[in-house]
Amino acid sequence: MMPFLLMKRAGIALGSNMGDKNSLMVQARDHLLKMSLSDDPFLQSSLYATSPQGCPHGADDYLNAVVEFTWPGTVEELLVHCQGIERALGRIRSGIRCEPRTADVDIIYAGDMVVNDPPRLILPHPRAHLRKFVLKPLSDIRPDLILPRQAKTVSCLLAELDTDEADPLLVSERW
């Protein structure tokens, strides 16, 4: 158990590449909105279509977004809630890495916290700074954010990212 009280801004990456992706993304966002402090801003990026990265052959494109809100609990409780949202939206984990999924609800960061409790939780997310499908939506809402363990802003990381990953395609600014 990680008994670290949060009460800090948490960034959550959302993704879906199975089923009614638009509806699943909205439902995941709405679950998180209900969990956030009502007197603090709830930020959400635009919605993007992205090519699957490292997924089995034939996997459908993803929809991706990032939200940020203040969570009034521990990081362990936030992780449990994120995994509960995934299950509620039909995600079944078979153990295959990067398998298609109805819902992916990943904690990217929780304030300036650094947590190293593999395989359960590593914060900041260990590959967030290497993924356009995370950095592009995150740059919508927090371009000047410097993630823990990074020296550059999110917008700089995105601009300097050298990868074969295709640029995320804007699907909707409001969803």
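In what follows, the structure referred to is the one given above.
All values reported here derive from a predicted model rather than from experimental measurement. (Residues numbered from 1 in each chain as written. Predicted model: local features only at pLDDT ≥ 70, side-chain atom pairs only at ≥ 80, totals over all residues. Heavy atoms only, no water.)

## Describing helix 2 (residues 75–88)
Step number 1: With 14 residues, helix 2 ought to run about 20 Å at 1.5 Å a step, and its terminal C-alpha atoms sit 20 Å apart, in line with that.
Step number 2: V75, E76, L78, L79, C82, I85 and E86 are the residues of helix 2 that are buried.
Step number 3: Buried residues along helix 2 sit against strand 1 (9–16), helix 1 (21–35), strand 4 (62–70), strand 5 (104–110) and strand 7 (121–123).
Step number 4: G90 sits one or two residues past helix 2 and shows a positive phi near 95 degrees. (Helix = DSSP H or I, 4+ residues; strand = E, 2+ residues; numbered from the N terminus. Expected span 1.5 Å × (residues − 1). Buried < 20%, exposed > 50% of the residue type's maximum accessible area, 1.4 Å probe, protein only. Contact = heavy atoms within 4.5 Å.)

## Focus on the side chain of E165
Step number 1: With respect to the helices and strands, E165 occurs in the loop between helix 4 (154–160) and strand 8 (169–172).
Step number 2: K132 provides the closest opposite charge to the buried, unpaired E165, separated from it by 6.5 Å.
Step number 3: For E165, the side chain forms a polar contact with the main-chain nitrogen of F133, separated by 2.9 Å.
Step number 4: Leave out the neighbours within four places in its chain, and E165 touches Q53, L130, R131, K132 and F133. (Lys, Arg positive; Asp, Glu negative; His and termini not counted. Salt bridge = Lys/Arg side-chain N within 4 Å of Asp/Glu carboxyl O. Polar contact = N/O pair within 3.5 Å; in protein donor to acceptor, adjacent residues only side chain to side chain.)

## Thoughts on the environment of P137
Step number 1: Inspection of the secondary structure assignment puts P137 in helix 3 (residues 132–141).
Step number 2: Along the backbone, P137 and P52 are 85 residues apart, and their C-alpha atoms lie at a distance of 16 Å.

## Some words on the packing of aromatic side chains
Step number 1: For the structure shown, the criterion picks out one aromatic pair.
Step number 2: An angle of 15 degrees between the planes, with centres 5.7 Å apart, marks the rings of F42 and F69 as stacked. Taken together, the residues span a long stretch of sequence, with F42 in the loop between helix 1 and strand 2 (43–44) and F69 in strand 4 at a distance of 27 residues.
Step number 3: In this structure, R29 is placed above the aromatic ring of W175, and the distance from its NZ or CZ to the ring centre is 4.9 Å. (Phe/Tyr/Trp six-rings, centres within 6.5 Å; stacked < 30°, edge-to-face > 60°. Lys NZ or Arg CZ within 6 Å of the ring centre and 35° of its normal.)

## Digging into unusual backbone geometry
Step number 1: Residue P118 is joined to P119 through a cis peptide bond whose omega torsion reads 0 degrees.
Step number 2: Along the chain, the position of P119 falls in the loop between strand 6 (115–117) and strand 7.
Step number 3: One non-glycine residue with positive phi stands out, namely R149, at about 75 degrees.
Step number 4: Position of R149 among the secondary structure elements: in the loop between helix 3 and helix 4.

## Overview of the nonpolar core
Step number 1: Ranked by size, the top nonpolar core spans 30 residues in total, and within it I12, L14, L32, F69, L78, V105 and I107 carry the most contacts.
Step number 2: Of all the secondary-structure elements, those providing two or more residues to this core are strand 1, helix 1, strand 4, helix 2, strand 5 and strand 7.
Step number 3: Among residues more than four places away in sequence, those in contact with I107 are G11, I12, V75, L78, L79, C82, L121, L123 and H125. (Core = buried A, V, L, I, M, F, W, Y, C linked by side-chain atoms within 4.5 Å.)

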